[in-house]
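Topology and contacts: notes
These are the residues of each chain, in order.
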Protein chains: 2
Amino acid sequence: MLKIDEDYWNMDSFDKTEAHDILKKSAKKPPNLKEILSSERIKSMSLENKDLSISLSYACEQINEEILDQLYDLADQMHVKEKMKKLQSMEIMNYVQGSLGENRPVGHATMRKKVASSDTEKVKKTAISYQNELEKLAQFIREIDHLKHIVLIAIGGSYLGTDAVYNALKCYQKNDKVLYFASNIDPDKTASIMEEIDINETLVITVSKSGSTLEIKATEALFRKRFKEANINPKERFVVVTSQSSPMDTPEEYLKSFYMWDYIGGRYSVSSTVGAVPLSIIFGMEIWNEFLEGLRNVDQHVLTSENRKNIPLLGALLSVWNRSFLNIPTQAIIPYSAGLKKWTAHLQQVFMESNGKHVRQSNGEYVDYETGAIIWGGIGTETQHSFFQWIHQGSSEISLEFIGFKSMQYSKSSDALIQKTTNQEKLLSNLFAQMISLAKGQDTSDHNKQFVGNRSSRLLFAEQLTPKALGEILAYYEHLVAYQGFIWDINSFDQEGVQLGKVCANDIIDLFKTKRESVDVEENSTTILAKAYLNKFKLL
Amino acid sequence: MLKIDEDYWNMDSFDKTEAHDILKKSAKKPPNLKEILSSERIKSMSLENKDLSISLSYACEQINEEILDQLYDLADQMHVKEKMKKLQSMEIMNYVQGSLGENRPVGHATMRKKVASSDTEKVKKTAISYQNELEKLAQFIREIDHLKHIVLIAIGGSYLGTDAVYNALKCYQKNDKVLYFASNIDPDKTASIMEEIDINETLVITVSKSGSTLEIKATEALFRKRFKEANINPKERFVVVTSQSSPMDTPEEYLKSFYMWDYIGGRYSVSSTVGAVPLSIIFGMEIWNEFLEGLRNVDQHVLTSENRKNIPLLGALLSVWNRSFLNIPTQAIIPYSAGLKKWTAHLQQVFMESNGKHVRQSNGEYVDYETGAIIWGGIGTETQHSFFQWIHQGSSEISLEFIGFKSMQYSKSSDALIQKTTNQEKLLSNLFAQMISLAKGQDTSDHNKQFVGNRSSRLLFAEQLTPKALGEILAYYEHLVAYQGFIWDINSFDQEGVQLGKVCANDIIDLFKTKRESVDVEENSTTILAKAYLNKFKLL
């Protein structure tokens, strides 16, 4: 169990800071967007950086300069700058004081690091190890170029991030390979993929950090069976991404092993070999490196910018304001870009598995305040015709983050002037229309046609959804989530809350085994209750 | 403006009922699942019906028999039985007293009606009209059987329901047709579909009730342009689903017109021609009729069952309890079935566009209570590795609805015994493990490994995800939402909250037009603010 009580900032916890109390007072009478939103505000309330393609517009948040000052005080009092530096130096930041849980550095930013002499040994070693994997990978891609159907057996973070990036960059794909995601123990998922692939042209990539995840092994077994039935030696077609020396690091069973490290959390793994292996096969190393460059730009930006110029920090502070002070329980993320259709699903994991926590990192005690919000959403304009009714006229409040791009991704020749505007212009018109109408509302005597307004939103904007811009957007969210954790004094890097379900599931799997042979299942509160369900549905 | 103040139940509103006050008291000390969940409770707290394949298990809800009695009293006092009867008789139920909004019957249940002599004339006429369309459709399917790529240009309800059903029944598809959804004005969406289809084998179905939706027309224009470039006459390949005599009911431009009616709301349209045309082309009329049969079974069930036996009503009462009395702001819906991957997106619309409302139907006054919850979710087990951390250990509470099936959809031969259980059994083990662990939690002195428990959930269960079961599940949710609206005294069938954004978007589109020609744009509060954004991002 780690003790780092010599660290001065561990004396602070979110609700014990001076800024917290001041913000609580400010939140009693927040500014009303119906009154304050103006052209001047739109012009001035935006954070840009000449080295980045992303910018953040926050004119439609229920804040003013005074509240912003208080939020930056909170950031200082929670020592976000020092914590980010420790994080990126790979000091131990994944811990909860007094808990027997995870206790290690956090390495994802190192995956896109260009090593400098000033880096710590740990960072240097990790970055170089990853570079070696990428070199192995570049060679490997040439060897398997004849295989067109790529099946990725991966769950959770190993799946969601890769799927999100795959969809976001599809228009940059130069070959005719297709990526399938066997992301679920559900045998229907496996069966539907088997119907679509040509086994003779298929490569399977299995991802498991521990090399012992039951869901992964059970899904892989179905695919290996299928290859054997087709008289193809699975060893020739299976690749593994795992920790070195894990139970799956077995050259006799895999064509190739690529390595990952225990300080890469699943939900932060897309820039590691977890994303690199499938996505470089699809897009090539050049696109992959552009994507890493975008990530790296933001990693550097958060280290080198002063707090007032730090874009992810601003995003974090605004969300903490909405969640902890205005008591808004959820945040919707709405990209106006078809390519980002899987983005919200990935961000749900990044945000909610990181910051859906109930203990303070600095002392292991329960929090007395709300931590991470529910993150949900979907792409515009589709969601306008779905849940936006609720957002405009529902009985409770939410906050929103919109994502928009000046230009479309595909060739502009595939758009056209229709009724004197391009469809990209119509798309952007809808985006700005939502921000403005949510903020301003509409008064009328017919209550059913009334819009109360004063609904908060902000806008992350970029020129175009390129590989580099996508990297920036991903790192923007990764660091935003880290800053939220720093401010709320929680550990954003473990996931103890998924353990109980796993243990219970294994108990119930044992009950199913009793259908076929005599298995000694220890009776406990789970098995007793589970038996009632299994009997009820005639499953035993 | 409609006045139906002679209707006796319009005197009642949710928070004025006797049951409401009693339930408020009960909610001060709800039963704690950690203490009460038992095998006995699991056995008894379930509602089934011999004519239906779905059942609802509610042992893991924070209720007891006393609260259930009070909820059924609330249902009586809000006259749900009479309201459902009026709804299915196509009396005018889409209205808000005193508002100049929609004012018409609600027709979706009539889409699956077998006409009986006791039916009202309106129901008979509508049902027969739809049957005629289905006959036209059966003939049409044979005529266009050579076309393999089907593009559906549809937004909102015309898209989400169809996409949800398409994915849910994919394993029943007998031909090799592919359905593409041009569901967004986003030109990247259109461009990505154009890259995938073979224009020589493509049929386009355009759906627009009004025949004048700008997004639909602008997307269709891009596709028509593409056909012309390929020297194919668009008239030979474009089909329209619209209202009779709408601006799109133009035989000179379409190969065929299929009709819909103004009393079919978009989010309830999947059983009408809106879903029938694309989905029957994919699945054939036989599967379509099985799906309608499932819907019809539940339509009948809610009309003929006493309240205590009515499954969708129970679902509605439990959600009203969670939302209005326990103050839980969101509900996650988690199907453990890969086929239901688009289900949550569809239900978000059905629930949130229906019941994200702020005025009382009976008098047009604002509600003083919370109405529809935020609906979100995704499929298990994928979401277990994503946001379930938050659900188990986050700082606030949600309620859940799980959906599960005894058997997989694809042939059981595609599953196998791996470590002595099938993967379907492992999948179900995870489902029950989540319900039990959420309810029971886990006590330990390490706070970071503590699970507070007492998290509410329920389970909708069926034998297998067949077309008929899917119809039952869809109708379960459609009627559940209607019952929620009846109880909350809101109109679940209009969507005034989407209007303001549309008006603002058109104003901004006018601003874009000024880039190319002199257009007289009236200055208003939207255009002033929008100009600030457009100038900021150099869009003008």
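Residues numbered from 1 in each chain as written. Chains lettered and ligands numbered in written order. Predicted model: local features only at pLDDT ≥ 70, side-chain atom pairs only at ≥ 80, totals over all residues. Heavy atoms only, no water.

Turning our attention to the pattern of salt bridges. Opposite charge on two side chains lets them pair, provided their charged atoms get close. Residue and element names in this part refer to chain A. Here the structure, examined in full by the defined rule, presents 62 salt bridges over all chains. The salt bridge partner of Arg 458 is Glu 61, with a shortest N-O separation of 2.9 Å. Of this pair, Arg 458 sits in strand β13 (residues 457-462) while Glu 61 is found in the loop between β2 (55-57) and α4 (65-77), placing the two residues 397 residues apart along the sequence. The buried category is assigned to Arg 458, whose relative accessible area is 1%. Each of Asp 15, Lys 16, Arg 360 and Asp 368 takes part in a single network of salt bridges with overlapping partners. (Salt bridge = Lys/Arg side-chain N within 4 Å of Asp/Glu carboxyl O. Helix = DSSP H or I, 4+ residues; strand = E, 2+ residues; numbered from the N terminus. Buried < 20%, exposed > 50% of the residue type's maximum accessible area, 1.4 Å probe, protein only.)

Here the focus is the relation of the copies chain A and chain B. Once chain A is rotated about the relating axis by 180 degrees and shifted along it by 0.0 Å, it coincides with chain B to within an RMSD of 0.0 Å. Those values place the two copies in the arrangement expected of a two-fold rotation axis. When C-alpha positions in chain A are compared against the rotation axis, the closest is assigned to A:Trp376, at 3.4 Å. A high fraction, 100%, of the interface residues of chain A reappear at the interface in chain B, so the copies pair face to face through one surface. (Least-squares fit on C-alpha atoms with pLDDT ≥ 70 in both. Contact = heavy atoms within 4.5 Å.)

A word on helix α12 (residues 311-325) of chain A. Residues and elements named next belong to chain A. The terminal C-alpha atoms of α12 lie 21 Å apart, and with 15 residues this matches the ideal 21 Å at 1.5 Å per residue to within 8%. The element α12 is extensively covered by neighbouring structure, given that 15 of its 15 residues are classed as buried. For α12, the N-terminal capping position is held by Asn 310, with its side-chain oxygen 3.1 Å away from the main-chain nitrogen of Leu 313. Just beyond α12, the residue with positive phi is Asn 327, at close to 60 degrees. (Expected span 1.5 Å × (residues − 1). Polar contact = N/O pair within 3.5 Å; in protein donor to acceptor, adjacent residues only side chain to side chain.)

Right, let's get into the packing of aromatic side chains. All names here are of chain B. Taken as a whole, this structure holds 44 aromatic pairs over all chains when the rule is applied. Both rings, one in Tyr 268 and one in Phe 493, keep their centres 5.5 Å apart while their planes meet at 50 degrees; by these two values the pair is tilted. Here Phe 493 lies in the loop between α16 (467-488) and α17 (499-513) and Tyr 268 lies in the loop between β9 (256-260) and α10 (273-283), a separation of 225 residues in the sequence. Like Phe 493, Tyr 268 is buried. (Phe/Tyr/Trp six-rings, centres within 6.5 Å; stacked < 30°, edge-to-face > 60°.)

All names here are of chain A. Positionally, His 479 belongs in helix α16 (residues 467-488). By relative accessible area, His 479 is classed as buried at 0%. Discounting chain neighbours no more than four positions away, the residues touching His 479 are Met 84, Gln 88, Arg 112, Val 298, Asp 299, Val 302 and Pro 312.

A word on the interface of chain A and chain B. Taken residue by residue, the interface counts 146 residues in chain A and 146 residues in chain B. Taken together, both faces of the contact between chain A and chain B bury some 12700 Å²; the carbon and sulfur share is 62%. On the chain A side of the contact with chain B, A:His385, A:Asn448 and A:Tyr533 bury the most area, a combined 6% of that side's loss. For the pair chain A and chain B, the number of links is ten salt bridges. Linking B:Lys515 and A:Glu425 is a salt bridge whose minimum nitrogen-to-oxygen distance equals 2.9 Å. The interface formed by chain A and chain B includes 71 residue pairs in polar contact (both at pLDDT 80 or more). With 15 residues, helix α15 (residues 423-440) of chain A is the single largest residue contributor to the side of chain A that touches chain B. Of the residues that constitute the side of chain A that touches chain B, the class distribution is 61 nonpolar, 54 polar and 31 charged. (Buried area = accessible area lost by both parts, 1.4 Å probe. Nonpolar A, V, L, I, M, F, W, Y, C, P; charged D, E, K, R; others polar.)

This part takes up the packing of helix α7 (residues 157-168) of chain B against helix α13 (residues 343-355) of chain B. Residue and element names in this part refer to chain B. Axis separation between α7 and α13 bottoms out at 8 Å; the angle between their running directions is 145 degrees. Where α7 crosses over α13, the two elements pack in a sense that is left-handed. Of the residues in α13, those touching α7 at Gly 157, Leu 160, Gly 161, Ala 164 and Val 165 are Trp 343, Ala 345, His 346 and Gln 349. In terms of residue class, the contact of α7 with α13 is built from five nonpolar, four polar and no charged. (Axes fitted to C-alpha atoms, helices over the stretch in contact; angles between N-to-C directions. Left-handed = near helix turned anticlockwise from the far one by under 90°.)

Residues and elements named next belong to chain A. Going from Gly 380 to Thr 381, the amide bond is cis rather than trans, its omega being 5 degrees. Relative to the elements of secondary structure, Thr 381 occurs in the loop between β11 (374-377) and α14 (388-393). The phi angle at His 79 is positive, at roughly 55 degrees, despite the residue not being glycine. Secondary-structure assignment places His 79 in the loop between α4 and α5 (80-88).

With that settled, consider helix α9 (residues 214-229) of chain B. When the terminal C-alpha atoms of α9(B) are compared, their 23 Å separation across 16 residues agrees well with the 22 Å that a helix rising 1.5 Å per residue should span. Taken together, the buried positions of α9(B) are B:Glu215, B:Ile216, B:Ala218, B:Thr219, B:Glu220, B:Leu222, B:Phe223, B:Arg224 and B:Phe227. In the core, the buried residues of α9(B) are packed alongside α15 of chain A together with β5 (149-153), β6 (178-182), α8 (187-196), β7 (202-208) and β8 (238-243) of chain B. Of the residues flanking the end of α9(B), it is B:Asn231, one or two places downstream, whose phi is positive at about 55 degrees.

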